[in-house]
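Fold and contact review
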Number of protein chains: 2
Amino acid sequence: MRGRPRGGDAIDAAVDERDTVGFVAVCRAPDPTSRYLTGRAFDCDLVFVRVDGETHLRVPSTVEPPSLPVASVRVDDRLPGRAAAAVLAEHAASEGTVLAPRTIPHDAALHLEAAGYDLASTAAVEDARAVKDDAERDAIEAAQRAATRGVGRAAAILSAATVEAADDRDGGSVGNDRGDDGEAVLSWDDAPLSSERLRRQVNATLAAEGVDYTGATTVRAGTRGGGNEPVELRPGEPIVVSVGPRGPTGYRGALARTFVVDPDGGWERRAHVACDAARKVSLVEADPGDDAGFLGSELRAETAAFGFSMADEVTRDVGGGIGLAAREDPPLDGDRELVAGNVLRVRSAVTHPDHGRVELTDVLVVGEDGPRLLGDAPTGLDPSRW
Amino acid sequence: MRGRPRGGDAIDAAVDERDTVGFVAVCRAPDPTSRYLTGRAFDCDLVFVRVDGETHLRVPSTVEPPSLPVASVRVDDRLPGRAAAAVLAEHAASEGTVLAPRTIPHDAALHLEAAGYDLASTAAVEDARAVKDDAERDAIEAAQRAATRGVGRAAAILSAATVEAADDRDGGSVGNDRGDDGEAVLSWDDAPLSSERLRRQVNATLAAEGVDYTGATTVRAGTRGGGNEPVELRPGEPIVVSVGPRGPTGYRGALARTFVVDPDGGWERRAHVACDAARKVSLVEADPGDDAGFLGSELRAETAAFGFSMADEVTRDVGGGIGLAAREDPPLDGDRELVAGNVLRVRSAVTHPDHGRVELTDVLVVGEDGPRLLGDAPTGLDPSRW
């Protein structure tokens, strides 16, 4: 699944040729702001200008301007900052202070300044996005239902899988014939069950549920690979199935469960108890007025309390807001107060170099009356109990 | 498929409260630069710094730092510009000129300048991305194979569909019983065939081919809807099936075909002849050294030559580079020279308010010896001839 790095040589050549110190790119994650602000996905640059309570959109001539209920949608092939300045000059004033996200492209900021405007940054859109309305919660809940079906498909396959000795694979399924550690593998539907094969089955289920992005699906097995390299699945090792489907209106779900086929050890059971206990903390701590960072600390502390190292074993990625992006406000590591309408991805996970990983990820809504889990996926290690 | 606009009120309030002229957001399309530069997809902000031919990456503490073969990957929770400045100070000089894309976030640019660096913009990465290497071409070709299977699935379904009078739907399929204009509908597998049902079938096929993003798939029918609202499909109207799948390494395909079940008119046949003729132009004009904008103009002119209005009927979106993004360099409307290694989405399309739309979209590679189409999808209107 991993490509290879590209562009290094081209950058080096440009750095040399222009006698500069180095090159910096600050890469943005895919930006769903345009979808949030317009209700429509754009695969091109979009200039969004809000003046006097009205919205004006500008797009390049290489796309057909969409029909949207806003004050104006026009083609403008000038650079975005110049197109924006033209809208301001036509519909507002020829100078003054203009708000923009702090991450507005630098060239656009410079063009606006050159046109006579001062820029001031605002977090208005991020703050608004952090508080979901009913339709947004419904969209996330629908994505979460699809997520539950997807992970359930993995549980069904693992439940039906058989254990096969690695040196007897030509003979097909041989029941519970288990070889030495690291030699037995899982088989399903008369063929070896690799992490990639399981991932594709999960994704086919997600797609049938109307999901349009399945690229966040990972299947991690034991200690091998980071979830990107296909490996054969084995009995006795924890298998983490994690999905982050995006539904047709752009909203994301998040669900991870850990399964073990034919368990033989105690580590994953202890890790699972810790993760499940931490997961339950989130259902107590996530009230309006609670501190988001405190919730994150509690999740980690509760996991560590079962004898896992905070520094090396307990995940730092305990979650945060989810919506049009997989990661949005509020993060669970700052000093923000939770408010009703926040929708949070909540993760507890433990990783060990010899045993692998155990993880539970869910999505919950912070309501006026307290937190509510979206979805009803079972949490156990045994796939046959799904 | 369309959500509703959000954030307008929050923006208006912020504009009022801070006594400013207005608000500007320049929304970036999902940015695959991080994947290009690192070979790995990131769903968080990524600071990429290249110094002395070595790459340094910085990520926020809310993600687990990936293991990548670069000089350093570290957690840094400072704002990206400050994190980048710290890397430069440690590994390069404490002042000097630094290259960056012109669209680097404005706050990052200001933080770099405050730290003592001058910024100069570079298109080195975009330019490098416009010329694909063999592995990139293979990845696009694989996405195009999946695209062909997906559109082929639509052809198979349309080929098997029956025509049913709208007022006789309870009776199930009734063969070629066609009512008045606008009353007959298509039926498949004993149920009405809507654009959404067809779209999901196409997407399930794409998912089974290993595609991880199917959200670009649209089914447009006749004159109704812009491809976003589900409608029942009808005989006699052109049905445009367009896909833009992204494969597991992030590279996109693009394919659109137009089908008519039970044709009764001449418009779509004439439009199809025009689009097919224009499509063939791209196979002649796309040589290294040719002008990309001229190719675009020729595509439009060739379509118009069959009696269609350049202003109103012939699409302006004739395509451009495709790769990790659906739209990248070179565009087919500038003065750039084509070079070997460019991979181009090439589209010919005609739209009419009474008849609907006819479109053909393909992907071709500009090779040393001339252009080569990726994929072998048939182009005809008759789905049974796929």
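Residues numbered from 1 in each chain as written. Chains lettered and ligands numbered in written order. Predicted model: local features only at pLDDT ≥ 70, side-chain atom pairs only at ≥ 80, totals over all residues. Heavy atoms only, no water.

**Focus: the overall build of chain A**
Secondary structure assignment for chain A yields nine helices and 17 strands. C-alpha extents for chain A along the principal axes are approximately 80 × 55 × 45 Å. The buried share of chain A, reckoned over its 386 residues, is 55%. Considering only contacts in chain A between residues 6 or more positions apart, those separated by 24 or more positions represent 58%. Split by element, the accessible area of chain A, about 15000 Å² in all, is 44% carbon and sulfur. (Helix = DSSP H or I, 4+ residues; strand = E, 2+ residues; numbered from the N terminus. Buried < 20%, exposed > 50% of the residue type's maximum accessible area, 1.4 Å probe, protein only. Contact = heavy atoms within 4.5 Å. Areas by Shrake-Rupley, 256 points an atom, 1.4 Å probe, with all protein chains shown as cover.)

**Description of the relation of the copies chain A and chain B**
Note on the identical chains: chain A maps onto chain B by a rotation of 180° and an axial translation of 0.0 Å, with an RMSD of 0.0 Å. Such a combination of rotation and displacement between the chain copies is what one expects of a two-fold axis. (Least-squares fit on C-alpha atoms with pLDDT ≥ 70 in both.)

**Section: helix H7 (residues 195-208) of chain A**
The terminal C-alpha atoms of H7 of chain A, which comprises 14 residues, lie 20 Å apart, in line with the 20 Å expected from a rise of 1.5 Å per residue. By the burial criterion, the buried members of H7 of chain A are Ser 195, Glu 196, Leu 198, Arg 199, Val 202, Asn 203, Thr 205, Leu 206 and Ala 207 of chain A. Against the buried residues of H7 of chain A lie helix H6 (134-160), strand E10 (218-221) and strand E11 (239-243) of chain A together with helix H7 (195-208) of chain B. With its phi angle positive at about 95°, Gly 210 of chain A sits one or two positions after the end of H7 of chain A. (Expected span 1.5 Å × (residues − 1).)

**A look at the packing of aromatic side chains**
This structure, assessed with the given rule, holds four aromatic pairs over all chains. Note on Phe 259 of chain A and Trp 386 of chain A: the rings are 6.0 Å apart at their centroids and 65° apart in plane angle, and the pair reads as edge-to-face. Highlighted residues: Phe 259 of chain A in strand E12 (residues 255-259) and Trp 386 of chain A in the segment after strand E17 (370-374), separated in sequence by 127 residues. Judged by its relative accessible area of 0%, Phe 259 of chain A is buried. Of the residues examined, Trp 386 of chain A reaches a relative accessible area of 32% and is grouped as partly exposed. One residue, Arg 129 of chain B, lies across the ring of Tyr 36 of chain B, its end atom 5.9 Å from the ring centre. (Phe/Tyr/Trp six-rings, centres within 6.5 Å; stacked < 30°, edge-to-face > 60°. Lys NZ or Arg CZ within 6 Å of the ring centre and 35° of its normal.)

**Topic: unusual backbone geometry**
Going from Asp 329 of chain A to Pro 330 of chain A, the amide bond is cis rather than trans, its omega being -5°. Within the secondary structure, Pro 330 of chain A is located in strand E14 (residues 328-331). Even without being glycine, Asp 52 of chain B reaches a positive phi, approximately 55°. Locating Asp 52 of chain B in the fold gives a position in the loop between strand E2 (46-51) and strand E3 (54-59). Judged by relative accessible area, Asp 52 of chain B falls into the exposed class, the value being 68%.

**Observations concerning the packing of helix H3 (residues 80-91) of chain A against helix H4 (residues 106-114) of chain A**
Two quantities define a packed helix pair, namely the angle between the axes and the distance from one axis to the other. All names here are of chain A. Contact pair H3 / H4: the axes reach a minimum separation of 8 Å and the direction vectors enclose 40°. Classified by the angle their axes make, H3 and H4 are oblique. Relative to H4, H3 is oriented so that their crossing is right-handed. Of H4, the residues touching H3 (which contributes Gly 81, Arg 82, Ala 84, Ala 85 and Leu 88) are Ala 108, His 111 and Leu 112. Residue composition of the contact of H3 with H4, by class: five nonpolar, two polar and one charged. (Axes fitted to C-alpha atoms, helices over the stretch in contact; angles between N-to-C directions. Parallel < 35°, antiparallel > 145°, perpendicular 65-115°, else oblique. Left-handed = near helix turned anticlockwise from the far one by under 90°. Nonpolar A, V, L, I, M, F, W, Y, C, P; charged D, E, K, R; others polar.)

**Considerations on the side chain of Arg 347 of chain B**
Residues and elements named next belong to chain B. Counting through the fold element by element, Arg 347 comes out in strand E15 (residues 343-352). At a separation of 3.0 Å, a polar atom in the side chain of Arg 347 contacts the side chain of Glu 359. Excluding anything up to four places from it in sequence, Arg 347 contacts Leu 299, Thr 315, Asp 317, Val 318, Arg 357, Glu 359, Leu 360 and Thr 361. (Polar contact = N/O pair within 3.5 Å; in protein donor to acceptor, adjacent residues only side chain to side chain.)

**Here's the deal with the pairing of strand E10 (residues 218-221) of chain B**
All names here are of chain B. Here E10 shows a buried face lined by Val 219 and Ala 221 and an unburied face lined by Thr 218 and Arg 220. Of the strand pairs in this sheet, E10 and strand E11 (residues 239-243) are connected by four bridges, and their pairing is antiparallel. Across the sheet, the residue bridging to Val 219 is Val 241, located in E11. (Pairing = 2+ DSSP bridges.)

**Observations concerning the sheet that holds strand E8 (residues 184-188) of chain A**
Spatially, three strands are ordered E7-E8-E9 (chain A) in an open sheet, and the strand pairing comes out antiparallel. Strands at the two margins of the open sheet, each flanked by one partner only, are strand E7 (162-165) and strand E9 (191-192) of chain A.

**Considering the interface of chain A and chain B**
In many analyses, interface size is given as the accessible surface area lost on bringing the parts together. Listed as interface residues are 107 residues of chain A and, on the opposing side, 107 residues of chain B. Seen at the junction of chain A and chain B, the total is two salt bridges. Residues belonging to the side of chain A that touches chain B are distributed by class as follows: 55 nonpolar, 25 polar and 27 charged. (Salt bridge = Lys/Arg side-chain N within 4 Å of Asp/Glu carboxyl O.)

**Quick word on the confidence of the model for chain A**
When pLDDT is averaged along chain A, the result is 87; 91% of the residues meet or exceed 70. Contacts from residues 169-180 of chain A, a stretch scored under 50 in pLDDT, to residues over four places away or in other chains number 25 contacts. (pLDDT = per-residue confidence, 0-100.)

**A word on the pattern of salt bridges**
Residues and elements named next belong to chain A. Taken as a whole, this structure holds 46 salt bridges over all chains when the rule is applied. Taking the shortest distance from any N to any O, the salt bridge between Arg 327 and Asp 317 comes out at 3.0 Å. Taken together, the residues Arg 327 in the loop between strand E13 (319-321) and E14 and Asp 317 in the loop between helix H9 (292-304) and E13 connect sequence positions 10 residues apart.

**Some details on the side chain of Arg 300 of chain B**
Residues and elements named next belong to chain B. As for its placement among the helices and strands, Arg 300 is situated in helix H9 (residues 292-304). At 3.0 Å, the side chain of Arg 300 and the backbone oxygen of Thr 315 are in polar contact. When sequence neighbours within four positions are dropped, the list of residues in contact with Arg 300 reads Met 310, Val 314, Thr 315, Arg 316 and Val 318.

**Digging into the environment of Arg 197 of chain A**
All names here are of chain A. Mapped onto the fold, Arg 197 is located in helix H7. Arg 197 sits in the partly exposed class, given a relative accessible area of 22%. When sequence neighbours within four positions are dropped, the list of residues in contact with Arg 197 reads Trp 188, Asp 189, Ala 191 and Pro 192. In terms of polar contacts, Arg 197 uses its side chain to reach the backbone carbonyl oxygen of Ala 191, at 3.1 Å.

**Some words on the sheet that holds strand E8 (residues 184-188) of chain B**
Residues and elements named next belong to chain B. Reading across the sheet, the three strands line up as E7-E8-E9 and stay open at both edges, with antiparallel pairing between neighbours. Looking at strand neighbours, the two that pair on one side only are strand E7 (162-165) and strand E9 (191-192), the edges of this open sheet. Bridging between E8 and E9 involves two bridges; their strand directions are antiparallel. From the neighbouring strand, Trp 188 faces E9, where its bridge partner is Ala 191.

**Observations regarding the environment of Ala 120 of chain A**
With respect to the element layout, Ala 120 of chain A can be found in strand E6 (residues 117-121). Through-space distance from the C-alpha of Ala 120 of chain A to that of Asp 329 of chain A is 21 Å; in sequence the pair is 209 residues apart. Excluding residues within four positions of it along the chain, Ala 120 of chain A makes contact with Thr 97, Val 98, Leu 99 and Ala 100 of chain A together with Arg 18 of chain B.

**Some details on H9 of chain A**
All names here are of chain A. Between its terminal C-alpha atoms H9 stretches 19 Å, which fits the 18 Å expected from 13 residues at 1.5 Å a residue. Its buried side turned inward, H9 meets helix H8 (267-285), E14 and strand E15 (343-352). The backbone nitrogen of Gly 293 has a side-chain oxygen 3.0 Å away, supplied by the residue at the start of H9, namely Asp 291.

**Brief notes about the pairing of E8 of chain B**
Side chains on a regular strand alternate between the two faces of the sheet. Residue and element names in this part refer to chain B. In terms of burial, E8 is a largely internal element, five of the five residues being buried. Alternating residues of E8 divide into Ala 184, Leu 186 and Trp 188 and Val 185 and Ser 187, and every residue in both groups is buried. Across four bridges, E7 lies against E8 in antiparallel orientation. Counted as the bridge partner of Glu 164 is Val 185 from E8. Connecting E8 to the next strand, E9, in antiparallel fashion are two residues, including Asp 189 with a positive phi near 55°.

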